[in-house]
Amino acid sequence: MKRLFQTGSSVIIEDFASLRINGPYSLLKLGPDFAIIKSGDYRIEAIGTDLKVETLSEEVAVFTFTSITTMNVTTGADKEAELNA
């Protein structure tokens, strides 16, 4: 399917319990209480209690927790700097 216009990616945290990703992404790892996603150059790790996958489609992902306890967003440059330290 051809897009009519170029759209960017967005990450939205709602009520500190839901993580919504719009745009191209890759699901790297999923567990009972965490999700690790790659979107562009960013790696997003969300950890919480009682993870429920609401939506998982080509360009939209919605993960809902009872509450998100930890959220990390890193880039490839962050990871490289960490390895060189």
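Above: the structure in question.
Everything quoted here is computed from the prediction, not taken from an experiment. Numbers given for residues are sequential positions, taken from 1 along each chain in its written order. Owing to the predicted nature of the model, reporting of local features is limited to residues with pLDDT of at least 70; listing and counting of side-chain atom pairs is limited to 80 or more, with chain, interface and lining totals taken over all residues. The side-chain values count all of the structure's non-hydrogen atoms but skip hydrogen atoms and water molecules.

Colleague: How should the overall build of the protein chain be read in this particular structure?
Modeller: If you tally the helices and strands in the protein chain, you get 1 helix and 8 strands. Numbering of helices and strands runs from the N terminus; a helix is a DSSP stretch of H or I covering at least four residues, while a strand is a stretch of E covering at least two. Reading the helices (α) and strands (β) of the protein chain from amino to carboxyl end gives β-β-β-β-β-β-β-β-α. When a residue's accessible area, from a 1.4 Å probe over protein chains only, is under 20% of the maximum for its type it is buried; when over 50% it is exposed; and in between it is partly exposed. The burial tally for the protein chain puts 26% of its 85 residues in the buried class. Contacts were defined at the residue level, with two residues in contact if any of their heavy atoms lie within 4.5 Å. In the protein chain, the share of contacts with a sequence separation of at least 24, taken over all contacts with a separation of at least 6, comes to 43%. Each accessible area is a Shrake-Rupley estimate made with a 1.4 Å probe; only the visible protein chains count as cover when residues are assessed. Carbon and sulfur atoms form 54% of the exposed surface of the protein chain, whose accessible area is close to 6000 Å².

Colleague: Mind showing me how you'd approach the pairing of strand β2 (residues 18-22) here?
Modeller: Any two strands are treated as partners once DSSP identifies two or more bridges connecting them. In the sheet, strand β1 (residues 10-14) pairs with β2 via 5 bridges, with the strands oriented antiparallel. Considered in β2, the bridge of I12 is made with R20.

Colleague: Which parts of the structure should I look at to understand the sheet that holds strand β6 (residues 52-56)?
Modeller: In sheet architecture, strand pairing relies on hydrogen bonds along the backbone and comes in two forms, parallel and antiparallel. Ordered in space as β1-β2-β7-β6, the 4 strands form an open sheet in which the pairing is antiparallel. Strands at the two margins of the open sheet, each flanked by one partner only, are β1 and β6. For this sheet, the mean angle separating the axes of adjacent strands, direction not counted, is 10°. The angle between two axes is taken between their N-to-C directions and runs from 0 to 180 degrees, where each axis is a line fitted to C-alpha atoms and a helix contributes only its stretch in contact.

Colleague: Before we go on, may I ask you to explain the sheet that holds strand β5 (residues 42-49) in this structure?
Modeller: Read from one edge of the open sheet, 4 strands run β3-β4-β5-β8, paired in antiparallel fashion. Strands at the two margins of the open sheet, each flanked by one partner only, are β3 (26-30) and β8 (67-75). For this sheet the average axis-to-axis angle between neighbouring strands, irrespective of direction, equals 15°.

Colleague: Looking at this model, I keep getting lost on the pattern of salt bridges. Mind explaining?
Modeller: Side-chain pairing between opposite charges can occur once the charged atoms of the two side chains come close. Between Lys or Arg on one side and Asp or Glu on the other, a salt bridge is scored when a side-chain nitrogen of the former is within 4 Å of a carboxyl oxygen of the latter. On inspection of all chains with the given rule, the structure shows 1 salt bridge. The shortest N-O distance in the salt bridge between E45 and R43 comes to 3.7 Å.

Colleague: Any chance you could explain the environment of I47 here in plain terms?
Modeller: Inspection of the secondary structure assignment puts I47 in strand β5. Relative accessible area serves as the criterion here: at 24%, I47 is assigned to the partly exposed category. I47 sits 15 residues away from P32 along the chain, and the two C-alpha atoms are 9.4 Å apart.

Everything listed here is a matter of coordinates, which is why it stays silent on function.
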